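Tertiary structure, described
The residues making up each chain are set out below.
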Amino acid sequence: MAAETLNTRLALKIDADTFRGTRDGVPGLLEELDRAGVKASFFLTLGPDNSGKAVLRVLRKKGFLGKMLRTNAIKMYGFSTLFYGTLLPAPRIGQRLAGALRSIESAGHEVNLHAWDHVRWQDRLDHLSPEEIEAELARGAGAFAEIFGRPPRAFAAPAWFCTEAGFLALEKQSFDYLSVTRGPAPFRPRAGGRALSLLEIPTTLPTLDEALGRDGVTEANWIERLIGRYRPGQTEVLTVHAETEGLAYRPLFRDLLARHRDRGVIPITLAEVARELGEQGPLPEKAVALCEIPGRAGKVAVPAAG
Ligand SMILES: [Zn+2]
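Predicted model, so just to flag it, every value in this text is computed and none were measured.

Rules of the game
- Within every chain, residues take consecutive numbers counted from 1 along the sequence as written.
- A pLDDT threshold of at least 70 governs which residues receive local features in this predicted model, and a stricter bar of 80 or more applies before side-chain atom pairs are shown or counted, although totals over entire chains, interfaces and linings include all residues.
- Side-chain metrics rest on all non-hydrogen atoms present in the structure, leaving aside hydrogens and water.
- In this description, strands pair whenever DSSP reports at least two bridges between them.
- Put simply, DSSP marks the helices as runs of H or I at least four residues long and the strands as runs of E at least two long, and each gets a number from the N terminus on.
- Geometry of aromatic contacts follows a simple scheme: Phe, Tyr and Trp rings, the Trp one being its six-membered ring, pair when their centres are within 6.5 Å, and the pair is stacked under 30 degrees between planes, edge-to-face over 60, tilted otherwise.
- Here the term buried applies to any residue with accessible area under 20% of the maximum for its type, exposed to any over 50%, and partly exposed to those in between, with areas from a 1.4 Å probe on protein chains only.
- We call a charge positioned over a ring when the NZ of a Lys or the CZ of an Arg lies within 6 Å of the ring centre and within 35 degrees of the ring normal.
- Each axis is a line fitted through C-alpha atoms, taken for helices only over the stretch in contact, and angles between the N-to-C directions span 0 to 180 degrees.
- Orientation is classified from the angle alone, with under 35 degrees giving roughly parallel, over 145 giving roughly antiparallel, 65 to 115 giving roughly perpendicular, and any other angle giving oblique.
- In this scheme, a crossing is called left-handed if the near helix is turned counterclockwise away from the far one by less than a right angle; it is called right-handed if the turn is clockwise.
- Any pair of residues with heavy atoms lying within 4.5 Å of one another is described as a contacting pair.
- Note that water is not among the atoms used; donors are N, O and S atoms within 2.8 Å of the metal (3.2 Å for Na, K and Ca), so sites may look incomplete.
- One side-chain nitrogen of Lys or Arg within 4 Å of one carboxyl oxygen of Asp or Glu is enough to make a salt bridge.
- When residues are grouped by polarity, Ala, Val, Leu, Ile, Met, Phe, Trp, Tyr, Cys and Pro land in nonpolar, Asp, Glu, Lys and Arg in charged, and all others, Gly among them, in polar.
- Expected helix span is given by 1.5 Å per residue-to-residue step, counting one fewer step than there are residues.
- In this description, the arc belongs to the directions extending from the helix axis to the C-beta atoms.
- Note on definitions: the grid is 1 Å and covers protein atoms alone; a cavity is a set of points where a 1.4 Å probe fits but cannot get out; a pocket is an open set with protein on both sides within 12 Å along at least five of seven lines; lining residues have an atom within 4 Å of a point.
- Grid points are joined across faces, edges and corners, and a volume is the space filled by probe spheres set on the points.

Pairing within the open sheet is mixed, and its four strands lie in the order β7-β6-β10-β11. For this open sheet the edge positions go to β7 (194-195) and β11 (300-303), each flanked by a neighbour on one side alone. For strand β6 (residues 188-191) and β7, the ladder comprises two bridges, and the chain directions are antiparallel. Note on β7: the bridge partner recorded for Arg190 is Ala195.

Spelled out as structure tokens, the structure:
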């Protein structure tokens, strides 16, 4: 018997965090998306790949070894990535891979900005001055414009991490929308005592690396467990990583797209969601808090209750 049709709309938000993920993972994702006839929303890291610094940071964190073992980080990220910015020089992703990045757009997908320096945003944002945050965004937007001939229209925060100062700096870039937080539904973020002129579209679902190895989730049952969370008739946002679903877990991503087709999941891009929301009435205004979520080290931004 065929499984029941869900009528859930699902936006694939694809983050490319590293040089290796962008070079080796993105082409595989493009092939799978093309095979499935699905358009996705890519968020690109364009500055130096300082992954080695992140490795040093997580080595100091509790729970790192468990995550390393559960997700097989070396298989996912590759050996040299673990030393970029420390033992090895940090490759400039946008400069080195401009042609590959343009091919995402020419395949019909949405491209926007994820970061200049992913590791710096994730690890240092709460230590940066407003001017430094603005400079970080301006560098990213400048590199994006050099590659695509126009500024980015949206931004997704590295590791879903953002502070009040971060939101205020993002507002100055006048993006059409952000996808910065983890939460159930779009809202207008509040910061500095006011609602910002920004539209936030959160990631609604757990990522593959958060889910694997927790609560009995395995590669064999991940897809059914994930689809079990889709709200019929609603819009879900799933974040996918070039480093993960584009490389070691590519077959799983292919199976997920096939399963979506079987279950009547309707693909949509984040730009389309943003356009629709712009035509609707005002969104709820929400402050943003930082909190821990299962399966992820470090705090992520979430809409505050109420
Ligand atoms: Zn990222």
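Alright, that's what it looks like, and here's the rest.
The next point concerns the packing of aromatic side chains. Scanning all chains against the criterion turns up three aromatic pairs. Between the aromatic rings of Phe144 and Phe148, the centroid separation amounts to 4.5 Å while the plane-to-plane angle is 35°, which identifies the pairing as tilted. Pair noted here: Phe144 and Phe148 are both in helix α8 (residues 130-148), with a separation of four residues, about one helical turn. Phe148 matches Phe144 in its accessibility class, with the two residues each being buried. Linked through ring pairs, Trp121, Phe155 and Phe175 together constitute an aromatic cluster. Taking NZ or CZ as reference, Lys13 lies 5.9 Å from the ring centre of Phe43, over its face. Residue placement shows Arg182 over the ring face of Trp160; its charged tip is 4.4 Å from the ring centre.

Running from N to C, helix α1 (residues 19-36) and helix α13 (residues 250-263) cross one another at 20°; their axes reach a closest spacing of 10 Å. Comparing their axes, α13 and α1 come out roughly parallel. Regarding α1 and α13, the two cross each other, and that crossing is right-handed. On α13, the residues touching Gly28, Leu29, Glu31, Glu32, Leu33, Arg35 and Ala36 of α1 are Arg250, Phe253, Arg254, Leu257 and Arg261.

For the zinc ion, the full set of protein donor atoms is Asp17 (OD), His114 (NE2) and His118 (NE2), and the range of their distances to it is 2.1 to 2.2 Å. All donor residues of the zinc ion come from one chain, and their arrangement in sequence is D-x96-H-x3-H. Remark: His114 occurs in strand β3 (residues 110-115) and Asp17 occurs in the loop between β1 (9-16) and α1; sequence separation between them is 97 residues. With relative accessibility at 12%, the residue Asp17 sits in the buried group.

This brings us to the pattern of salt bridges. Inspection of every chain in the model, using the stated rule, returns 22 salt bridges. Glu31 is paired through a salt bridge with Arg250; the nearest N and O atoms lie 3.0 Å apart. Pair noted here: Glu31 is in helix α1 and Arg250 is in helix α13, with a separation of 219 residues, a long-range link. In this structure Glu31 comes out as partly exposed when scored by relative accessible area, which is 47%. Ionic pairing is found between Glu210 and Arg182, a salt bridge with its closest N-O pair at 2.8 Å. Placement of Glu210 in helix α10 (residues 208-211) and of Arg182 in the loop between β5 (177-178) and β6 is noted, with a sequence separation of 28 residues between them.

Remark: α8 packs on helix α9 (residues 164-172), axes separated minimally by 9 Å, with the N-to-C direction vectors making an angle of 45°. As summarised for this structure, α8 and α9 are arranged oblique, according to the angle between their axes. Pair α8 / α9 crosses with right-handed handedness. Between α8 and α9, the contacting residues are Ile133, Glu134 and Leu137 on the first element and Ala165, Gly166, Ala169, Leu170 and Lys172 on the second. Split by residue class, the contact of α8 with α9 holds five nonpolar, one polar and two charged.

We now examine the pairing of strand β10 (residues 285-291). Regular strands have side chains that alternate between both faces of the sheet. Relative to β10, β6 runs parallel, the two sharing three bridges. Bridge pairing links Arg190 to Ala287 in β10.

On to the pairing of β3, then. Burial of β3 is extensive: six of the six residues sit out of reach of the surface. Pairing between strand β2 (residues 41-45) and β3: five bridges, direction parallel. Paired with Phe43 across the strands is Asn112, a residue of β3.

This paragraph deals with α8. Between the first and last C-alpha of α8 there are 27 Å, a value that for 19 residues agrees with the 27 Å anticipated at 1.5 Å per step. Of the positions making up α8, those classed as buried are Ile133, Glu136, Leu137, Gly140, Ala141, Ala143, Phe144, Ile147 and Phe148. Buried residues in α8, looked at end-on, bunch into an arc of 160°, giving them a common side. Opposite the buried face of α8, by more than 90 degrees, sit the exposed residues Glu131 and Glu146. Looking one or two residues past α8, Gly149 carries a phi angle of roughly 75°, positive in sign.

Bringing the layout of surface pockets into the picture now. As a volume, the second largest pocket reaches approximately 460 Å³. Taken together, 21 residues make up the lining of the second largest pocket; nearest its centre are Thr204, Leu205, Pro206, Glu210 and Arg229. With three residues, the top contributor of residues to the lining of the second largest pocket is helix α11 (residues 222-227). The class makeup of the residues in the lining of the second largest pocket is ten nonpolar, three polar and eight charged.

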